[in-house]
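What the coordinates show
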Amino acid sequence: LCLTKRSQDSVMHITLRWIELAVEEQRAYVMRLLDALEVTDRDKRLKVARAILYLAQGVFDECDTEVDVLHWSRHNIFLLYEMGIFTALLELLSMEIDNSQACSSAVRKPAISLADSTELRVLLSIMYLMVETIRVQTEDDRPEWVAARAAFKNELGSPLYNGEPFALLLFTMVTKFCSMNAPHFPMKKVLLLVFVHKCIKVVRAMRAASPPASAIELIEQQQQQKRGRRSRRPLVKQDSLDTYNERDPFKNDDSRDEEEDPEDTDSGIEGEVDPLDRDVIIQPPPPPPPLRPPTERVNFPKGLPWAPKVREKDIEHFLETSRNKFIGFTLGNDTETLVGLPRPIHESVKTLKQVLLFIPSISLSHLRISLSLPGEEEVEETPAEMLYLGMLPNLSQYVIALLKLLLAAAPTSKAKTDSINILADVLPEEMPITVLQSMKLGIDVNRHKEIIVKAISALLLLLLKHFKLNHIYQFEIVSQHLVFANCIPLILKFFNQNIMSYISAKNSICVLDFPHCVVHEMPELTAESLEAGDSNQFCWRNLFSCINLLRILNKLTKWKHSRTMMLVVFKSAPILKRALKVKQAMMQLYVLKLLKIQTKYLGRQWRKSNMKTMSAIYQKVRHRLNDDWAYGNDIDARPWDFQAEECALRESIEKFNSRRYDKNKNGDFTPVDNCLQSVLGQRVDLPEDFHYSYELWLEREVFSQPIQWEGLLQNP
């Protein structure tokens, strides 16, 4: 560990081990590092930054086990944050972003390599380690660490540099990279620093279904059934059949409409495991899942996994239809008056309202819209609000840049000369010359792309979720920018591949993972060991990316008729149905949701040929009591007018932005205070001579005027 004295230019080497120093001595050394970051010599700054990175990585040269490395990494990172290292790194990062000389030099280079982004990668690595470590809460956290976590969270959400949030600075790096103005920026590290990992627990108790059978599988099953008739089988209890050889929910689905590629006709996961393990459920990554499920019987909850939902609008529509049928007129939005309606209608409304009360169906979106009318209160400066305010002027550029990176990292994309180069922070200065080096570089490139897809998919999902919680129109404008930038066909293109191969990809080298590689002795890498890959049956990184992209697609199309029709036009049904081969409950849930919203438009023949898929939708997706999604309803199957729907939405969004963020506010959208107490309680600036003429004004305008008391008693 190299530290630079404040008064000397020479480098002092520590003779004592870091883990043997007292906390006060460690603070003193960190303070020297902090002072040394301000030197003008670029090489010395880089040397000090590497020393800080070594501390953040857990002084692994002094540790014997991986647990020790993680322990000292956490201890050192909280110490670095306490001493103000993050703020100093932020200033250095801003200097590197604004370094026009480095940007112009990178633009002129024919090929960008790792050497062009050394300083940036060191700074981003330290900041990423600090963000990831501080945000995770553990049982043995000290009280000062808990306080530091809260302070760090507020710091990241507030304007840190030049009055902008930290995330906005990183978004600026993304747009500069995609516009070819800074091709040396390490995009993988930038994107990883933006997004925060999330976990969902609802679907953990849901059982994964077997994938739909392909044509070849159906033929093989028929042949096996014919052969099975010739042999006598002993009687087996029904519960044993359910446990060890559950019938496939999708087995009899007709796959003629899928137009599957020959490479997609394999049985995927199901063909790789023992028949007794057919219904293995892929659980979330932490902790690592067992390769085999337990032998004892698992008791899954009976019935539907979700409680049904009803919107207020659904009750209004139901009563409007009933009144037109039985009475001949309607009462608007009245959901209370049931006079003249038969008794079954009374019972139906009662049932709908019970579900409405059980699950509050007045969504946050509608509540936000009602609060957005003229006269709303002052806007709370939440982190999401400040981020939206900073992103708003260049929001379309940020969205397009992220989708460009996602397209370049997708496995189905072809290399083009005019596409952006996302391999700048993975390619070495000297290209490999041996087969082993080429294989290792190929694994690094594929892993690099997978991490970029993971980061972008999580980032887009987080933007949609946080903006929807902050205000529905903020969510809608991001969604509309994504739709206009062809996000829907891009995601469908991503899934139009051999999804089983993508989920089970082995683009990782376990012996090179940190901190394993710095604690244990490095074994000799061979072409055979690289080709074999790791022992994991699934790539959790790619599974996480697929689920995120499906959730984004659901958020973009939910309650949007024109966007749902885009799924139909782009023939997403066979693509999504192939994704059901992945036997993971959460992924299957979001695939089935996307199939459900377009089922009524796919025709009777499709529904007839895919009854097992329809049954899976009934079993796994939340329903609304009066939802007729499985039938072609003429009311919902209205003409597809994409332009009219999107223009109406854009008009509402522009009014919201003008009313809330336009400094030169239009008079039509100026808030009006209609509260009597508020108006009377306001301080009014009066002219200086007011108190001289006030009594005369009262005598002339009030006391001398006759009052028509009888007129006040009459109705107007």
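Quantities reported herein were computed from a predicted structural model and do not represent experimental measurements.

A separate point is the overall build of the protein. Across its full length, the protein holds 32 helices and 2 strands. Buried residues in the protein amount to 43% of all 716 residues. Here the protein displays about 40,600 Å² of accessible surface, and carbon together with sulfur accounts for 54% of that area.

End to end, helix α16 (residues 395-409) covers 22 Å across 15 residues, agreeing with the expected 21 Å (1.5 Å per residue, within 8%). Within the span of α16, buried status applies to Leu-395, Tyr-398, Val-399, Ala-401, Leu-402, Leu-403, Leu-405, Leu-406 and Ala-409.

A word on the packing of aromatic side chains. Applying the stated rule across the entire model yields 15 aromatic pairs. Ring geometry for Phe-86 against Phe-166: centres 5.6 Å apart, planes inclined by 75 degrees, an arrangement best described as edge-to-face. Pair noted here: Phe-86 is in helix α4 (residues 85-97) and Phe-166 is in helix α8 (residues 166-178), with a separation of 80 residues, a long-range link. Each member of the pair Phe-86 and Phe-166 is classed as buried. Look at Phe-171 and Tyr-398: their rings are 5.4 Å apart centre to centre, the planes differ by 40 degrees, and that puts the pair in the tilted class.

What follows deals with a nonpolar patch on the surface. A surface patch of nonpolar side chains, about 700 Å² in accessible area, is lined by Val-684, Leu-686, Phe-690, Tyr-694, Trp-697, Val-702 and Phe-703. Topologically, Val-684 is positioned in the loop between α30 (676-680) and α31 (690-703).

Following Phe-514, the chain continues into Pro-515 via a peptide bond in cis, with omega recorded as 5 degrees. Within the secondary structure, Pro-515 sits in the loop between α20 (499-503) and α21 (516-519). Of note in the backbone geometry, Trp-559 takes a positive phi value of approximately 65 degrees without being a glycine. Tracing the sequence through the fold places Trp-559 in the loop between α23 (540-557) and α24 (561-569). For Lys-571, which is not glycine, the phi torsion reads 55 degrees and is therefore positive. Here Lys-571 shows up in the loop between α24 and α25 (572-579).

A word on the pattern of salt bridges. Scanning the model with the defined rule gives 18 salt bridges in all. Arg-42 is the salt-bridge partner of Glu-119, the closest N and O atoms lying 3.2 Å from each other. In this pair, Glu-119 sits in helix α6 (residues 118-135) while Arg-42 sits in helix α2 (residues 42-56), placing the two residues 77 residues apart along the sequence. The class for Arg-42 is partly exposed, based on a relative accessible area of 32%. Connected through salt bridges with shared partners, the residues Glu-24, Arg-27 and Glu-82 form a single ionic network.

A word on the packing of α4 against α8. Closest axis-to-axis distance for the α4/α8 pair is 12 Å, and the angle between their directions is 25 degrees. As summarised for this structure, α4 and α8 are arranged roughly parallel, according to the angle between their axes. Between α4 and α8 the crossing geometry is left-handed. Across the interface between the two elements, Phe-86, Leu-90, Leu-93, Ser-94 and Ile-97 from α4 touch Phe-166, Leu-169, Leu-170, Met-173 and Lys-176 from α8. Within the contact of α4 with α8, the residues separate by chemical class into 8 nonpolar, 1 polar and 1 charged.

Attention shifts here to the confidence of the model for the protein. Averaged over all residues, the pLDDT of the protein is 79; the fraction at 70 or higher stands at 76%. This model gives residues 1-14 a pLDDT under 50, and the stretch forms 30 contacts once residues within four places in sequence are excluded. Across residues 358-362 the pLDDT falls below 50, and counting only partners more than four positions away or on other chains, this stretch makes 9 contacts in the model.

On to the nonpolar core. Counting 158 residues, the largest nonpolar core has Leu-93, Leu-405, Phe-495 and Met-587 as its most contacted members. If one sorts the elements of this core by residue count, helix α17 (residues 435-470) sits on top with 15 residues. Viewed by domain, this core spans two of them, domain 1 (18-165 + 174-204) and domain 3 (383-521 + 530-643), each represented by three or more residues. Setting aside anything within four residues of it in sequence, one finds Leu-93 in contact with Leu-120, Leu-123, Leu-124, Met-127, Phe-166, Leu-169, Leu-170 and Met-173. The next biggest cluster of nonpolar side chains, apart from the first, holds 10 residues, and it includes Val-310, Leu-341, Val-349 and Val-355.

The N-to-C vectors of helix α15 (residues 383-391) and α17 enclose an angle of 110 degrees; their axes lie 9 Å apart at closest approach. Of the possible angle classes, the one that applies to α15 and α17 is roughly perpendicular. Seen from α15, the contacting residues are Ala-384, Glu-385, Leu-387, Tyr-388 and Met-391; seen from α17, they are Leu-463, His-466, Phe-467 and Asn-470. A class-by-class count of the residues in the contact of α15 with α17 yields 6 nonpolar, 2 polar and 1 charged.

Residue position: His-448 is located in helix α17. With a relative accessible area of 0%, His-448 lands in the buried category. Side-chain polar atoms of His-448 contact the backbone oxygen of Ile-422, separated by 2.6 Å. Apart from residues no more than four positions distant in its own chain, His-448 is found in contact with Lys-188, Ile-422, Leu-423, Asp-425 and Val-426.

The terminal C-alpha atoms of helix α18 (residues 472-484), which comprises 13 residues, lie 18 Å apart, in line with the 18 Å expected from a rise of 1.5 Å per residue. A large share of α18 lies buried, amounting to 12 of its 13 residues. Taken together, the buried positions of α18 are Ile-472, Tyr-473, Gln-474, Phe-475, Glu-476, Ile-477, Val-478, Ser-479, Gln-480, His-481, Leu-482 and Val-483. Asn-486 occupies a position one or two residues after α18 and carries a positive phi of about 65 degrees.

Next up on the list: the environment of Glu-429. Checked against the element boundaries, Glu-429 lands in the loop between α16 and α17. As a C-alpha pair, Glu-429 and Ala-111 span 318 residues in sequence and 9.1 Å in three-dimensional space. Not counting chain neighbours up to four residues away, the residues in contact with Glu-429 comprise Ser-113 and Ala-115.

Moving on: the side chain of Thr-118. Tracing the sequence through the fold places Thr-118 in helix α6. Of the residues examined, Thr-118 reaches a relative accessible area of 15% and is grouped as buried. Residues within four places of Thr-118 in sequence aside, it is in contact with Leu-46 and Arg-50.

Another aspect to go through is the environment of Lys-465. By the element assignment, Lys-465 lies in helix α17. Here the alpha-carbon distance between Lys-465 and Lys-555, two residues 90 residues apart in the chain, equals 9.1 Å.

How each quantity is defined
- Each residue is numbered by its place in its chain's sequence as written, counting from 1.
- For a predicted model such as this one, the threshold for reporting local features is a pLDDT of at least 70, and the threshold for listing and counting side-chain atom pairs is 80 or more; totals across whole chains, interfaces and linings nevertheless cover every residue.
- Working from all heavy atoms in the structure, the side-chain values ignore hydrogens and water.
- A run of DSSP states H or I qualifies as a helix once it reaches four residues; a run of E qualifies as a strand once it reaches two. Both are numbered from the N-terminal end.
- Only protein chains enter the calculation, and the probe is 1.4 Å; a residue is then buried if its accessible area is under 20% of its type maximum, exposed if over 50%, and partly exposed in between.
- Areas reported as accessible are Shrake-Rupley estimates using a 1.4 Å probe. Residue values count occlusion only from the protein chains shown.
- In a helix, the anticipated span is given by 1.5 Å times the number of residues less one.
- Centre distance within 6.5 Å is the pairing criterion for rings of Phe, Tyr and Trp, where only the six-membered ring of Trp is used; planes under 30 degrees apart are then read as stacked, over 60 as edge-to-face, and the remainder as tilted.
- A patch consists of residues whose relative accessible area exceeds 30% and which take part in no salt bridge; residues with like charges are grouped when within 9 Å of each other, and nonpolar side chains (Val, Leu, Ile, Met, Phe, Trp, Tyr) when within 5 Å.
- Each salt bridge in this description consists of a side-chain nitrogen of Lys or Arg and a carboxyl oxygen of Asp or Glu lying within 4 Å of one another.
- Between the N-to-C directions of two axes lies an angle of 0 to 180 degrees, each axis being a line fitted to C-alpha atoms and, for a helix, fitted only over the stretch in contact.
- Just so you know how the angles are binned, under 35 degrees is roughly parallel, over 145 roughly antiparallel, 65 to 115 roughly perpendicular, and the rest oblique.
- By convention, the crossing between two helices is left-handed when the near helix turns anticlockwise from the far helix through less than a right angle, and right-handed when the turn is clockwise.
- Whether two residues are in contact is decided by their heavy atoms, any of which lying within 4.5 Å being enough.
- When residues are grouped by polarity, Ala, Val, Leu, Ile, Met, Phe, Trp, Tyr, Cys and Pro land in nonpolar, Asp, Glu, Lys and Arg in charged, and all others, Gly among them, in polar.
- Note: pLDDT gives the predictor's confidence per residue, expressed from 0 to 100.
- Throughout this description, the term nonpolar core refers to a set of buried Ala, Val, Leu, Ile, Met, Phe, Trp, Tyr and Cys residues connected via side-chain atoms within 4.5 Å.
- Boundaries of every domain are those given by an automatic assignment or by a domain database.
- Under this definition, polar contacts are N or O atom pairs within 3.5 Å; protein pairs additionally need one hydrogen-donor-capable and one acceptor-capable atom, and for neighbouring residues in sequence, both atoms have to be side-chain atoms.

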